[in-house]
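# Tertiary structure, described
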Amino acid sequence: MILQLGELACSGVSVTDSGALYDKPGLELLLVETEACRAVIGLQGAQVLEFQAAGAEPLLWLSPRAEFRAGVSVRGGVPVCLPWFGINREDPEKPKHGFVRNHDWQLASAQQSDGRVMLDFEYDHAGDALFATPFHCALTISLGDSLEFSLKVENTGEAPSEFSWALHTYFSVPDIASVQVGGLDGLSYLDNTDGLARKRQDGLVHFSGEVDRVYENCGPLQQIFCGRTIECRSDLCDSVIVWNPGAVLANTVADIGADGARGFVCVEHGNAFENSWTLTAGEVRRAQLRLKG
Ligand SMILES: O=P(O)(O)OC[C@H]1O[C@H](O)[C@H](O)[C@@H](O)[C@@H]1O
């Protein structure tokens, strides 16, 4: 069953829009305000835009230059990249990071229990020229003292198909120059700033300019050290992508800007490249992510 927003009757959750919250009309949003947290979620892309647990700093970065327009991904929060991550390997002309981040999802349910708000979003793709395989995906977003995601993807077509994806989290940090990312030591990664050359991570990840790396076959825990420690715990997310454009590249991106890159680090969880999922006809796969800090 799909909820019409007007029927939403979950305590702590209200319907608003980007005009009311950011003075930039264009997108419908949900505002979650409970004793445990405050969060903003866009119907477009089922994208969490803000999350702040009670007594903690804001977890996510939302660009002050973000656009709120139908069909355009909002810069910040947690965009969902799917059914392919990054540049489409068969046709680089196709939109980067797939298309589900640029379309409205359906809200299937909203409930509050044990102090957490749970929002169930669904997205159905019929199969088209962009991606021939029809699929169904469901994303449960759980909001309490942590921000949690549970993603399910189902191949509803009649032939096997490859899916790659990521929860592309923008974490808010005071200054990228002093950020370090842990939990990736000893892993090999594909360096997207060097033609996807395969390299090996030695110790913590540091930032002194553009960093764009895909780590494969990762463990379940990464940490972001940025004055506080943010913990990312995942289940069945074998790829971790670490990205910051650095000031030079950021200056060429309208919705970031040269000074914007200082304030965030992307540590993205999913399954891409070698870890992409091949789903047979009717097959369902799931993955989880929990963010706390
Ligand atoms: O600008 P977008 O399409 O949202 O992509 C933003 C970034 O996402 C990922 O982290 C990729 O690894 C980067 O190469 C890309 O630039």
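What you see is a predicted model, and the numbers here were worked out from it, not measured in a lab. (Residues numbered from 1 in each chain as written. Predicted model: local features only at pLDDT ≥ 70, side-chain atom pairs only at ≥ 80, totals over all residues. Heavy atoms only, no water.)

### Concerning the nonpolar core
When a protein is soluble and globular, its nonpolar side chains tend to lie buried together. Put simply, the test is: Among the buried residues, those of types Ala, Val, Leu, Ile, Met, Phe, Trp, Tyr and Cys that are joined through side-chain atoms within 4.5 Å form a nonpolar core. Using a 1.4 Å probe on the protein chains alone, a residue whose accessible area is under 20% of its type maximum counts as buried, one over 50% counts as exposed, and one in between counts as partly exposed. Where helices and strands are cited, they refer to DSSP runs of H or I of at least four residues and of E of at least two residues respectively, numbered from the N terminus. Contact criterion: two residues are considered in contact whenever any of their non-hydrogen atoms come within 4.5 Å of each other.
Formed by 70 residues in total, the largest nonpolar core has its most connected members in Leu143 and Leu147. It is strand β8 (residues 135–143) that provides the largest number of residues to this core, a total of 5 residues. Each residue touching leucine 147, except ones within four places of it in the same chain, is listed here: Val48, Phe51, Leu59, Leu60, Val78, Arg116, Ile141, Ser142, Leu289, Arg290 and Leu291. Counting residues in each nonpolar core, the second largest holds 10 residues, with Tyr22, Leu29, Leu62 and Ala66 among its members.

### Remarks on the sheet that holds strand β2 (residues 28–33)
Filter applied, for reference: The pairing criterion for strands is at least two bridges between them, as found by DSSP. Whenever a helix is involved, its axis is fitted only over the stretch in contact; in every case the axis is a line through C-alpha atoms, and angles between N-to-C directions fall within 0 to 180 degrees.
The sheet built from 4 strands is open, its strands ordered β1-β2-β3-β4 with antiparallel pairing. Of all strands in the sheet, those with a lone pairing partner are β1 (13–17) and β4 (47–53), marking the two edges. For this sheet, the mean inter-axis angle between neighbouring strands, taken without regard to orientation, is 20°. One ladder, built from 6 bridges, connects strand β3 (residues 37–42) with β4; its direction is antiparallel. Bridging from a neighbouring strand, alanine 39 pairs with phenylalanine 51 of β4.

### Some details on unusual backbone geometry
Residue proline 83 follows leucine 82 across a cis peptide bond; omega there is 10°. Mapped onto the fold, proline 83 is located in the loop between β5 (80–81) and β6 (106–113). The residue histidine 97 is not glycine, and still its phi comes out positive at about 65°. The residue histidine 97 is located in the loop between β5 and β6 in this model.

### Thoughts on the site of the ligand
The criterion, for reference: Throughout, near means a residue has at least one heavy atom within 4 Å of the molecule or strand. For this analysis, a polar contact is any N or O atom pair within 3.5 Å, provided that within protein one partner can donate a hydrogen and the other can accept it, and provided that sequence-adjacent residues contribute only side-chain to side-chain pairs. The method behind every accessible area is Shrake-Rupley, applied with a 1.4 Å probe, and residues are considered shielded solely by the protein chains displayed. Polarity classes work like this: nonpolar for Ala, Val, Leu, Ile, Met, Phe, Trp, Tyr, Cys and Pro, charged for Asp, Glu, Lys and Arg, and polar for all others, with Gly in that last group.
By nearness alone, every residue bordering the ligand is listed as Arg75, Phe85, Lys96, His97, Arg101, His168, Asn192, Asp212, Ile241, Trp243 and Glu268. Note that an oxygen atom of the ligand is positioned 3.5 Å from one of the side-chain N or O atoms of asparagine 192. Protein contacts shield 85% of the accessible area of the ligand, which totals 390 Å² for the unbound molecule. Broken down by class, the residue content of the shell around the ligand amounts to 3 nonpolar, 3 polar and 5 charged.

### Notes on the state of the cysteines
Using the following cut-off: In this description, the term disulfide denotes a pair of cysteine sulfurs within 2.5 Å.
Tallied over the entire structure, the rule returns 0 disulfides. In this model cysteine 137 remains outside any disulfide bridge; the closest cysteine sulfur is found in cysteine 81, 12 Å from its own. Under the relative-accessibility criterion, cysteine 137 is labelled buried at 0%. Between cysteine 237, a free cysteine, and cysteine 218, which holds the nearest cysteine sulfur, the sulfur-to-sulfur gap is 9.7 Å. What makes cysteine 237 buried here is its relative accessible area of 2%.

### What about the packing of aromatic side chains?
When we look at a pair of aromatic rings, we describe it by the centre distance and by the angle of the planes. How we decide: Only the six-membered ring of Trp is used, alongside the rings of Phe and Tyr, when aromatic pairs are assigned; centres must lie within 6.5 Å, and planes under 30 degrees apart are stacked while those over 60 apart are edge-to-face, with the rest tilted.
Tallied over the entire structure, the rule returns 16 aromatic pairs. Geometrically, the ring pair formed by phenylalanine 99 and phenylalanine 135 is tilted, given 6.2 Å between the ring centres and 35° between the ring planes. With phenylalanine 99 in the loop between β5 and β6 and phenylalanine 135 in strand β8, this pair connects stretches of sequence that are 36 residues apart. Looking at phenylalanine 99, the relative accessible area reads 5%, which means it is buried. Its relative accessible area of 0% is what places phenylalanine 135 among the buried residues. Relative to phenylalanine 264, the ring of tryptophan 243 has its centre 5.9 Å away and its plane inclined at 45°; by these criteria the two rings are tilted. Of the two residues, tryptophan 243 sits in strand β19 (residues 239–244) while phenylalanine 264 sits in strand β20 (residues 264–271), which places them 21 residues apart along the sequence. When sorted by exposure, tryptophan 243 lands in the same class as phenylalanine 264, which is buried.

### Let's talk about the side chain of asparagine 244
As for its position among the elements, asparagine 244 is in strand β19. Among the polar contacts made by the side chain of asparagine 244, one reaches the main-chain carbonyl oxygen of alanine 261 at a distance of 2.8 Å. Once you skip the residues sitting within four places of it in the chain, asparagine 244 turns out to touch Ile176, Phe207, Gly209, Glu210, Val211, Ala261 and Phe264.

### Let's talk about the side chain of asparagine 275
Note that asparagine 275 resides in the loop between β20 and β21 (277–279). Side-chain polar atoms of asparagine 275 contact the side chain of asparagine 217, separated by 2.7 Å. Beyond its immediate stretch of four places on either side in the chain, asparagine 275 contacts Glu216, Asn217, Asp238 and Ser239.

### Thoughts on the pairing of strand β15 (residues 197–200)
Here 4 bridges tie strand β14 (residues 188–191) to β15, and the two strands are oriented antiparallel to one another. Paired with tyrosine 189 across the strands is lysine 199, a residue of β15. Linking β14 to β15, which pair antiparallel, is a turn of 5 residues; within it glycine 195 sits at a positive phi near 60°.

### Considering the environment of cysteine 232
Relative to the elements of secondary structure, cysteine 232 occurs in strand β18 (residues 228–235). Cysteine 232 sits in the buried class, given a relative accessible area of 0%. In this structure the C-alpha to C-alpha distance between cysteine 232 and glutamate 148, which are 84 residues apart in sequence, comes to 9.7 Å.

The values reported here are purely geometric and, on their own, carry no functional implication.
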